[in-house]
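# Observations on the model geometry
Given next are the chains, with one letter for each unit.
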Amino acid sequence: RACCAPDAPGACAFFRRYADESGARGALVTAPVGVANVSTGLTFGGILADTPDFERPLVDGILGLAYPPLACNPTCVTPLVDALFADGQLAADAFGICTGRAGGTLTLGGADGSLYDGDLAYVPLAPRSRHRPRLFYDVLVSGVTAGGVPLEVPDLATAIVDSGTTVVVLAPAAFGALKAHFQTHYCHVPGLCPPVPAPRGRVEATWFQPGYCATLSDADVAGLPTLTFHLGGVGLSLEPSEYMLRFAAGRLVYRCLGITFLDGLQSQEAQAILGNVLLVKYYAHYDRGGDRVGFARANGC
């Protein structure tokens, strides 16, 4: 019964809901999908109903690039990369993503060296047992520094590298440690620290609160530290102008923190998600056959 589509009786259903509560449902359909004029029959979800915030401008759906166990919603299908590789259409079980601010490039079967500078630095995927299949591209986190100073960040051992997440997301304890460090050392930046004493009954007014932004000058932003996420021997850095997202509304220009927290990350799967705030700076090569992810400074996305 779970596989019957309510919007298309007699068809197999799919249903997907994401952490932000957006989602879609519909019926499974099959169509040819090809690379270089060679087609493979692929089953995918045809949306018949979705939440108001699921379909964004210029976006009509989601292309899943993770592992097959995540493609059971509830009917299990073969994801795109797995189907194309099994059919011999890809030179390797791998893909690369270069994420631009107004577009990007997906390279199936390998990496495109014209889209990054230097060499790719690889991070191994976190080890898995046969009893826990791989779902995401999760890597080990060896530490976080702010302005070169190591942070005491609890409960941060693994992170998911995810092009489907906009910002950097941390477990609540790790986010709290980052917030405490900033409010200890950088209170001179407007809007970072709440007034002391705080007005009675007022919510803590700081741009570390979800949904709060600040009107900051470029000099204010430059006074914040560079953040570096250390993934083994590879460090991925974000300058303050990169994690303080610029947002214009009429004549006003705001800066919004591109780092937030999610209660559900307090688990054994992962304690952070490295989303597009980071990946817009780095080319990512997902070498599935080698169980690793490579990073290099993006150029020309």
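A brief look at the structure comes next. Computed from a prediction, not measured in an experiment: that's the story for all the values here.

A few words now on the overall build of the protein chain. Looking only at helices and strands, the protein chain features five helices and 20 strands. Relative to the compact-globule value of 19 Å for 301 residues, the protein chain shows a C-alpha radius of gyration of 21 Å, a close match. Along the first, second and third principal axes, the C-alpha set of the protein chain runs to 60 × 45 × 45 Å. A total of 301 residues make up the protein chain; the buried ones form 41% of that total. Restricting to contacts in the protein chain with at least 6 residues of sequence separation, those with at least 24 account for 59%.

In terms of nonpolar packing, the biggest core is built from 62 residues, with Trp207 and Phe295 touching the most fellow members. Not counting residues within four places of it along the chain, the set of residues in contact with Trp207 comprises Phe182, Val189, Pro190, Gly191, Leu192, Tyr212, Cys213, Ala214, Leu216, Leu224, Met244 and Leu257. In this structure, Leu115, Tyr116, Leu120 and Ala298 belong to the second largest nonpolar core, which totals seven residues.

Applying the stated criterion to the full structure yields four disulfides. Cys72 shares a disulfide with Cys76; S-S distance 2.0 Å. Given an S-S torsion of about 110°, the disulfide between Cys72 and Cys76 has right-handed geometry. Take Cys72: its relative accessible area is 30%, and that puts it in the partly exposed class. Disulfide pairing places Cys98 opposite Cys301 at an S-S distance of 1.6 Å. For the disulfide bridge between Cys98 and Cys301, the dihedral angle about the S-S bond is near -70°, and by the sign convention the bridge is left-handed. With Cys98 in strand 5 (residues 94–100) and Cys301 in the segment after strand 20 (292–297), the pair connects residues that are 203 residues apart, well separated along the chain. According to the relative accessible area criterion, Cys98 is buried, its value standing at 1%.

We now examine the pattern of salt bridges. The tally for this structure, following the rule as stated, stands at eight salt bridges. Of the charged contacts, one joins Arg25 and Asp7 as a salt bridge, the two residues approaching to 2.7 Å between their closest N and O atoms. You can see Arg25 sitting in strand 3 (residues 23–35) and its partner Asp7 sitting in the loop between strand 1 (4–5) and strand 2 (8–17), a full 18 residues away along the chain. On the basis of relative accessible area, Asp7 is assigned to the partly exposed category, the value being 33%. Here Asp93 ties to Arg288 by a salt bridge, and the two come within 2.7 Å at their closest N and O atoms.

Next up on the list: the packing of aromatic side chains. Applying the stated criterion across every chain, the model contains eleven aromatic pairs. Seen from their ring centres, Phe95 and Tyr137 are 6.0 Å apart, and the 75° between their planes marks the pair as edge-to-face. You can see Phe95 sitting in strand 5 and its partner Tyr137 sitting in the loop between strand 7 (121–124) and strand 8 (138–140), a full 42 residues away along the chain. Residue Phe95 is classed as buried on the basis of its relative accessible area, which comes to 1%. Measuring from centroid to centroid gives 5.5 Å for Phe182 and Phe208, while their planes differ by 70°, and the two rings are edge-to-face. Within this pair, whereas Phe182 is found in helix 2 (residues 172–185), its partner Phe208 is found in the loop between helix 2 and helix 3 (218–222), the two being separated by 26 residues in sequence. In this structure, Phe182 and Phe208 share a single accessibility class: buried. Stacked on the ring of Tyr18, the Lys or Arg Arg16 has its end atom at 4.9 Å from the ring centre. It is Arg292 that lies over the ring of Tyr122; its NZ or CZ is 3.6 Å from the centre.

Rules used in this analysis
Residues numbered from 1 in each chain as written. Predicted model: local features only at pLDDT ≥ 70, side-chain atom pairs only at ≥ 80, totals over all residues. Heavy atoms only, no water. Helix = DSSP H or I, 4+ residues; strand = E, 2+ residues; numbered from the N terminus. Rg over C-alpha atoms; globule rule 2.2 N^0.38 Å. Buried < 20%, exposed > 50% of the residue type's maximum accessible area, 1.4 Å probe, protein only. Contact = heavy atoms within 4.5 Å. Core = buried A, V, L, I, M, F, W, Y, C linked by side-chain atoms within 4.5 Å. Disulfide = S-S within 2.5 Å. Salt bridge = Lys/Arg side-chain N within 4 Å of Asp/Glu carboxyl O. Phe/Tyr/Trp six-rings, centres within 6.5 Å; stacked < 30°, edge-to-face > 60°. Lys NZ or Arg CZ within 6 Å of the ring centre and 35° of its normal.

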